[in-house]
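Structural features, examined
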Amino acid sequence: MALFIVRHQHAPDHCPATDPYMGATLLNYLSRPNVRRHGVAIQGEAVVKGEHTLYMIVESDDAERVRGFMAPFARAGTVDVYPASTCARIVASGGCAAPMPVVDDVVPALDPEDACQHAIDSGLVVHRAHPLNCETSVAALLGGVVMPNAHFYVRNHFQIPNLDPTTWRLRVRGLVDRPLELSLRELTTMPSRTTVVTLECAGNGRSWLEPRVPGEQWELGAVSTAEWTGVPLVEVLDRAGIRAGAREVVFRGADGGTLPGRDDAVQFERSLTLDDARELEPLLAYAMNGEALPIQHGYPLRLIVPSWYGVAAVKWLTDIEIIDRPFTGHYQSETYFFEWQRDGTVVREPVALQRVRALITEPRADTEIAAGELAIRGVAWSGAAPIARVEVSVDGDPWQPARMVGERSRQRWQWWELIARLDRPGATTIRARATDLAGRAQPLEPEWNRLGYGNNAVQGISVRIR
Ligand SMILES: Nc1nc2c(c(=O)[nH]1)N[C@H]1C(S)=C(S)[C@@H](COP(=O)(O)O)O[C@H]1N2
Ligand SMILES: [Mo]
């Protein structure tokens, strides 16, 4: 179905609605069942007051059908039919006059317009319509340990593959005794594990870096938690049998494309050393919060690497390859590293463990609150170790320890809360700082680095006390 905007105009002395009989005939003609008989669906209609001009947004297979349906209006005046697009489509294609991006030259992919519209309708904050990148809003964080799937942030480098589960296979090859080709069915009959894991994009918080760093300008919502179910990676590695000399495990996603300044196409690929692949207990996940993985989160299978930044969690996984040397793919060695200037030299460090961070979910920033007792709540996590404590400071007052809620884990965020008295009327800043059991605490100021990763500076929110 295509979208059209229809305009009908008539002369003031031919206004059909001035005659009650004509007016009623018009309404009956526009009734949804009658419209459907003409192969048209009306999304909305309105008349510009005093202008004798009617606008309609309609869907139909083609403009001719729309014209046929509008024939009675054409007799009463003029009819114009304009091909139209949703805003999501225009933004995803990069402008009113731009063609829609070609999405399925690599693998069949979701329609960018549909994917984007779905994200908007779910309340995600869209940063880029294509490839789709959106963060969760703090409001969606309120409540339970996990986020509903529809509110989980989405980070994509390319189009979203739409893979056919009946033909999809996970191939395991390289330095193995028994190369494997596993169907989704076979994977779901293997020993499984269910575990709650927080994913955070390494760029979360980038928008606060000064000077500004290119890349997605994430605020603080490029983080979410879900319960993942799948096959422990070691089960598959053990079934394949790792051969002597093996060093790394490479994970390849079905998505790829060309990058600015490069001729060859790249796939989304990442590796783990064999030691990390055993120690971190990664999961080959096929379910998210008890449902099949949503397409945008990697259907039918994705890697989950607990405690690491999200980049390691390869979606739409198709290949696992065991190699005897460090992997140097684009997303391993040309991006996703910290680059610091230290004592005049450039120091590089790969993006790996999530850095310690606390988020304030309550009260909401920029709201007005009555003076008195107030519950300050949020989540905190660290990939290096469970959270030891979260401290809260109101308007620069001494840090007060918050109460930690629930189990400690380095794989997922933990809720915390503090009941504080806020008595001074006016603008007030609330800050929260987490420290993990490895002794790592959040810095008060962002630690700028060239690619803008891991900004875990203490978050401050402003509220007004009355
Ligand atoms: N195949 C593939 N896997 C991917 C990515 C991608 O673009 N392609 N993005 C990575 C990054 S940078 C992050 S932060 C997480 C985001 O996972 P989500 O979209 O399910 O939240 O997926 C990772 N896995
Ligand atoms: Mo990311």
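Because the structure is a prediction, the values reported are computed rather than measured.

Below, the discussion takes up the site of ligand 1. Around ligand 1 there are 19 residues in total, and Y153, H157, D255, H297 and K315 lie nearest to it. A distance of 2.7 Å is found between an oxygen atom of ligand 1 and a side-chain nitrogen or oxygen belonging to H157. R302 is positioned such that a nitrogen or oxygen atom in its side chain is 2.7 Å from an oxygen atom of ligand 1. Alone, ligand 1 offers 530 Å² of accessible surface; in the complex the protein occludes 100% of this. The class makeup of the residues in the shell around ligand 1 is 11 nonpolar, four polar and four charged.

The sheet built from three strands is open, its strands ordered 5-6-7 with antiparallel pairing. Looking at the sheet topology across the chains shown, the edges are occupied by strand 5 (125-128) and strand 7 (154-155). Bridge analysis of strand 6 (residues 133-135) against strand 7 gives two bridges, and the strand direction is antiparallel. Paired with N133 across the strands is R155, a residue of strand 7.

What follows concerns a nonpolar patch on the surface. Residues I5, V48, Y55, I57 and Y82 make up a contiguous nonpolar surface patch of about 380 Å² in total accessible area. Within the fold, I5 resides in strand 1 (residues 2-9).

Now for the domain arrangement of the protein chain. What the domain assignment lists for the protein chain is domain 1 (2-83), domain 2 (134-335) and domain 3 (357-465). The C-alpha-based centres of domain 1 and domain 2 are spaced at 50 Å.

Attention now moves to the environment of W308. Looking at the secondary structure, you find W308 in the loop between strand 16 (302-304) and strand 17 (317-323). W308 gets classed as buried once you look at its relative accessible area, which sits at 11%. Spatially, the C-alpha atom of W308 lies 16 Å from that of V250, the residues being 58 residues apart in sequence. In contact with W308, other than residues within four places in its own chain, are R270, L272, D276, L280, A352, L353 and Q354.

Aromatic ring pairs are described here by two measures, namely the spacing of the ring centres and the angle between the planes. According to the stated counting rule, one finds nine aromatic pairs in the structure shown. The interplanar angle of 50 degrees and the centroid separation of 6.3 Å between the aromatic rings of Y29 and F73 together place this pair among those described as tilted. Taken together, the positions of Y29 in helix 1 (residues 20-29) and F73 in helix 4 (residues 71-76) put the pair 44 residues apart, joining distant regions of the chain. Just as Y29 is buried, F73 falls in that class too. For the ring pair F152 and W228, a centre distance of 5.7 Å and an interplane angle of 85 degrees mean the geometry is edge-to-face. In this pair, F152 is assigned in the loop between helix 7 (138-141) and strand 7 and W228 in strand 11 (residues 223-232), connecting sequence segments 76 residues apart. The class of W228 is buried, set by a relative accessible area of 0%. Among the aromatic residues, ring-to-ring pairing joins Y29, F69 and F73 into one connected group. The residue whose ring lies beneath R348 is F337, and the NZ or CZ to ring-centre distance is 3.8 Å. The cationic tip of R433 hangs over the ring face of W399; the distance from NZ or CZ to the ring centre is 4.6 Å.

Taken in spatial order, the five strands line up as 21-28-27-23-24 in an open sheet, and their pairing is mixed. In the strand order of this sheet, the two ends are held by strand 21 (368-369) and strand 24 (400-401), each with one partner. Relative to strand 27 (residues 426-436), strand 23 (residues 387-394) runs antiparallel, the two being bridged by seven bridges. What sits directly across from V390, in strand 27, is A434.

We now examine the nonpolar core. Most often, soluble globular proteins have nonpolar side chains that are buried together. Grouped together as the largest cluster of nonpolar side chains are 90 residues, with contacts concentrated most on L170, L187, W228, V236, F251, L284 and I320. In terms of residues, this core owes the most to one element, strand 14 (residues 283-288), which gives six residues. The residue makeup of this core includes at least three contributed by each of domain 2 (134-335) and domain 3 (357-465). When near neighbours in sequence (up to four residues on either side) are disregarded, V236 contacts V172, L180, L182, L187, M190, V231 and L284. Grouped together as the second largest cluster of nonpolar side chains are 22 residues, I360, L374, A432 and A434 included.

It is worth spelling out the pattern of salt bridges at this point. Considering all chains together, one arrives at 28 salt bridges under this definition. The shortest N-O distance in the salt bridge between E64 and R67 comes to 3.0 Å. One end of the pair is E64 and the other is R67, both in helix 3 (residues 63-69) and three residues apart, which spans about a single turn. Judged by its relative accessible area of 53%, E64 is exposed. Of the residues examined, R67 reaches a relative accessible area of 40% and is grouped as partly exposed. One salt-bridge network, held together by shared partners, links R171, R173, D319 and E321.

Consecutive side chains of a regular strand alternate in pointing toward one face of the sheet and then the other. The buried fraction of strand 26 (residues 414-422) amounts to seven of the nine residues, a majority that puts the element mostly inside the structure. The pairing of strand 22 (residues 372-381) with strand 26 spans nine bridges and is antiparallel. Each bridged residue has a counterpart across the sheet, and for A380 the counterpart in strand 26 is Q414. Here strand 25 (residues 403-405) pairs with strand 26 via three bridges, running antiparallel. Bridging across to strand 26, R403 finds its partner in E417.

Assignment of secondary structure puts D255 in strand 12 (residues 248-257). Sequence separation between D255 and D104 is 151 residues, and the spatial gap between their C-alpha atoms is 9.9 Å. Not counting the four nearest positions on each side in its chain, D255 is found in contact with F158, Q159, P161, V266, Q267, F268 and W316.

Scoring rules and cut-offs
Residues numbered from 1 in each chain as written. Chains lettered and ligands numbered in written order. Predicted model: local features only at pLDDT ≥ 70, side-chain atom pairs only at ≥ 80, totals over all residues. Heavy atoms only, no water. Near = heavy atom within 4 Å. Polar contact = N/O pair within 3.5 Å; in protein donor to acceptor, adjacent residues only side chain to side chain. Areas by Shrake-Rupley, 256 points an atom, 1.4 Å probe, with all protein chains shown as cover. Nonpolar A, V, L, I, M, F, W, Y, C, P; charged D, E, K, R; others polar. Pairing = 2+ DSSP bridges. Helix = DSSP H or I, 4+ residues; strand = E, 2+ residues; numbered from the N terminus. Patch = residues over 30% accessible without salt bridge, like charges linked within 9 Å, V, L, I, M, F, W, Y side chains within 5 Å. Salt bridge = Lys/Arg side-chain N within 4 Å of Asp/Glu carboxyl O. Domains from an automatic or database assignment. Buried < 20%, exposed > 50% of the residue type's maximum accessible area, 1.4 Å probe, protein only. Contact = heavy atoms within 4.5 Å. Phe/Tyr/Trp six-rings, centres within 6.5 Å; stacked < 30°, edge-to-face > 60°. Lys NZ or Arg CZ within 6 Å of the ring centre and 35° of its normal. Core = buried A, V, L, I, M, F, W, Y, C linked by side-chain atoms within 4.5 Å.

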